[in-house]
Amino acid sequence: PNCNENITNEEWESNLYVCSKCGHHLRIGAPERIRELCDINSFDEFDAEITTFNEENFYQYDEKLEKAKANSGINEAVVCGIGEISGKKVVICAMDSNFMMGSMGKVVGEKITRSIEYATLKKLPLIIATASGGARMQEGIISLMQMAKISGAVQVHHLAGLLYITVLTDPTTGGVTASFAMQGDIILSEPKAIVGFAGKRVIEQTMKEKLPNDFQQAETVQANGFIDAIIHRTQLKETLKTLLSLHSLEEEFR
């Protein structure tokens, strides 16, 4: 989609869905993200059976949920579990933009919160790969409450002296950005991922001025001090391995 070059499916898959011509990072789903990061056959999923029901009887929400399940192949916009990265145990949550643009409703919030609490209980590091358009409007205030609930769990994990790494992917916006996505002890991002709160068009309409083309791109966000490092997808697992190893050494010397 970036350079319009012809690339075979085999090339896409072997290069983790990164263009070998221009380096464009194609959006990937949660199952692909977990396969990318975790050692083979090391991932055990948490709460896979939990699904959303239309509690507020929001118009056509049931139909949208069924379509999202069919399009993404998963039950909700996040997959959580415990896996290993180069033999080191870690709790991982991977959000999926193929499921209603990774929007955060009560089930997403519950699954992530439970995963953080498990990581705290077992004294494990936590990695969350974010991909979201923000809170899910079909669930109203309940979706917004997930911001505080997850943030509270993150704080307890932090006070226990445990490592939390966020991996921002395209797009990470709205209430996810305004809460747990930016609470990581270390905040990484894929190249050129959109990272922000309100959408660019909304801001332009509010401010009555044109914003630069690189507005809310990860590189700009990093230049303003909100991202620690931008990591190419093919280097992400090795980077996480190094960070987890350094944290393990720190714990040994305490």
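Please refer to the structure higher up on the page.
Remember, predicted model here, so these are calculated numbers, not experimental data. (Residues numbered from 1 in each chain as written. Predicted model: local features only at pLDDT ≥ 70, side-chain atom pairs only at ≥ 80, totals over all residues. Heavy atoms only, no water.)

A.B. asks: I keep staring at the overall build of the protein chain and nothing clicks. Help me out?
C.D. replies: Scanning the protein chain for helices and strands turns up nine helices and seven strands. Its C-alpha atoms give the protein chain a radius of gyration of 18 Å, within 12% of the compact-globule value 18 Å for 254 residues. C-alpha atoms of the protein chain, sized along the principal axes, occupy 55 × 45 × 40 Å. The 254 residues of the protein chain split such that 47% are buried. Relative to all contacts within the protein chain whose residues are 6 or more apart in sequence, the contacts with residues 24 or more apart total 70%. (Helix = DSSP H or I, 4+ residues; strand = E, 2+ residues; numbered from the N terminus. Rg over C-alpha atoms; globule rule 2.2 N^0.38 Å. Buried < 20%, exposed > 50% of the residue type's maximum accessible area, 1.4 Å probe, protein only. Contact = heavy atoms within 4.5 Å.)

A.B. asks: Explain a nonpolar patch on the surface to me, please; I cannot follow it from the model alone.
C.D. replies: A surface patch of nonpolar side chains, amounting to about 390 Å² of accessible area, comprises Phe-58, Tyr-59 and Met-137. Topologically, Met-137 is positioned in the loop between β4 (126–132) and α5 (141–159). (Patch = residues over 30% accessible without salt bridge, like charges linked within 9 Å, V, L, I, M, F, W, Y side chains within 5 Å. Areas by Shrake-Rupley, 256 points an atom, 1.4 Å probe, with all protein chains shown as cover. Salt bridge = Lys/Arg side-chain N within 4 Å of Asp/Glu carboxyl O.)

A.B. asks: Which parts of the structure should I look at to understand the pairing of strand β6 (residues 186–189)?
C.D. replies: Each regular strand shows side chains that alternate between the opposite faces of the sheet. Looking at chain direction, strand β5 (residues 164–172) and β6 are connected through four bridges and run parallel. Paired with Val-167 across the strands is Leu-188, a residue of β6. Pairing of β6 with strand β7 (residues 229–230) involves two bridges; the strand directions are parallel. Residue Leu-188 lies in a different strand from β7, and its bridge partner there is Ala-229. (Pairing = 2+ DSSP bridges.)

A.B. asks: Explanation requested: the packing of helix α4 (residues 106–121) against α5 in the structure shown.
C.D. replies: For any two helices packed against each other, one specifies the inter-axial angle together with the distance between the axes. Interhelical geometry of α4 versus α5 gives an angle of 5° and a closest axis separation of 9 Å. For the element pair α4 / α5, the angle class is roughly parallel. Counted together, Lys-106, Gly-109, Glu-110, Ile-112, Thr-113, Ile-116, Ala-119 and Thr-120 of α4 and Ile-142, Gln-146, Lys-149, Ile-150, Ala-153, Val-154, Val-156 and His-157 of α5 form the full contact between these two elements. (Axes fitted to C-alpha atoms, helices over the stretch in contact; angles between N-to-C directions. Parallel < 35°, antiparallel > 145°, perpendicular 65-115°, else oblique.)

A.B. asks: Honestly, the sheet that holds β5 in this entry has me stumped. Any pointers?
C.D. replies: The strands that make up a sheet are held in pairs by hydrogen bonds between backbone atoms, and each pair lies either parallel or antiparallel. Ordered in space as β1-β2-β3-β4-β5-β6-β7, the seven strands form an open sheet in which the pairing is mixed. Sheet topology places β1 (44–46) and β7 at the edges, where each strand pairs with a single neighbour. Pairing of β1 with strand β2 (residues 78–85) involves three bridges; the strand directions are antiparallel. Bridge pairing links Glu-45 to Gly-81 in β2. Along the sheet, α4 makes contact with β1, β2, β3 (88–95) and β4, crossing β2 at roughly 25°.

A.B. asks: Looking at this model, I keep getting lost on the nonpolar core. Mind explaining?
C.D. replies: A general trend in soluble globular proteins is that nonpolar side chains are found buried together. Ranked by internal contacts, the top residues of the largest apolar core, which has 58 residues, are Ile-112, Ile-116, Ile-127, Ile-128, Phe-180 and Leu-240. Considering each element in turn, this core owes the most residues, six residues, to β3. Once residues lying within four places of it in the same chain are set aside, the contact partners of Ile-116 are Leu-126, Ile-128, Ile-150, Ala-153, Val-154 and His-157. (Core = buried A, V, L, I, M, F, W, Y, C linked by side-chain atoms within 4.5 Å.)

A.B. asks: Could you clarify how one ought to interpret α4 in this entry?
C.D. replies: What sets the pattern is the α-helix's 3.6 residues per turn: residues three or four places apart point alike. Between its terminal C-alpha atoms α4 stretches 22 Å, which fits the 22 Å expected from 16 residues at 1.5 Å a residue. If you check which residues of α4 are buried, you get Lys-106, Val-107, Val-108, Gly-109, Lys-111, Ile-112, Thr-113, Ser-115, Ile-116, Ala-119 and Thr-120. The inward-facing, buried residues of α4 abut β1, β2, β3, β4 and α5. Backbone geometry just after α4 places Lys-123 at a positive phi near 55°. (Expected span 1.5 Å × (residues − 1).)

A.B. asks: How should I be thinking about unusual backbone geometry in this particular structure?
C.D. replies: The general pattern is negative phi for most residues beyond glycine and trans for most peptide bonds. Residue Pro-171 follows Asp-170 across a cis peptide bond; omega there is -10°. One non-glycine residue, Lys-208, lies in the positive phi region at around 60°. With respect to the element layout, Lys-208 can be found in the loop between α7 (200–207) and α8 (218–223).

A.B. asks: Would you mind showing me how to read the side chain of Glu-204 here?
C.D. replies: Summarising the element assignment, Glu-204 is placed in helix α7. Apart from residues no more than four positions distant in its own chain, Glu-204 is found in contact with Glu-209, Lys-210 and Leu-211.

A.B. asks: I keep staring at the packing of aromatic side chains and nothing clicks. Help me out?
C.D. replies: Ring pairs (aromatic) are described by centroid distance and by the angle formed between their planes. The full count for this structure, using the stated rule, is one aromatic pair. A cation sits over an aromatic face here: Lys-106 above Phe-53, 5.5 Å from the ring centre. (Phe/Tyr/Trp six-rings, centres within 6.5 Å; stacked < 30°, edge-to-face > 60°. Lys NZ or Arg CZ within 6 Å of the ring centre and 35° of its normal.)

A.B. asks: Can you help me understand helix α2 (residues 30–37) in this one?
C.D. replies: Of all the positions in α2, only Ala-30, Arg-33, Ile-34, Glu-36 and Leu-37 are classed as buried. Buried residues of α2 fall within an arc of 160° about the axis and therefore sit on the same side. (Arc of directions from axis to C-beta.)

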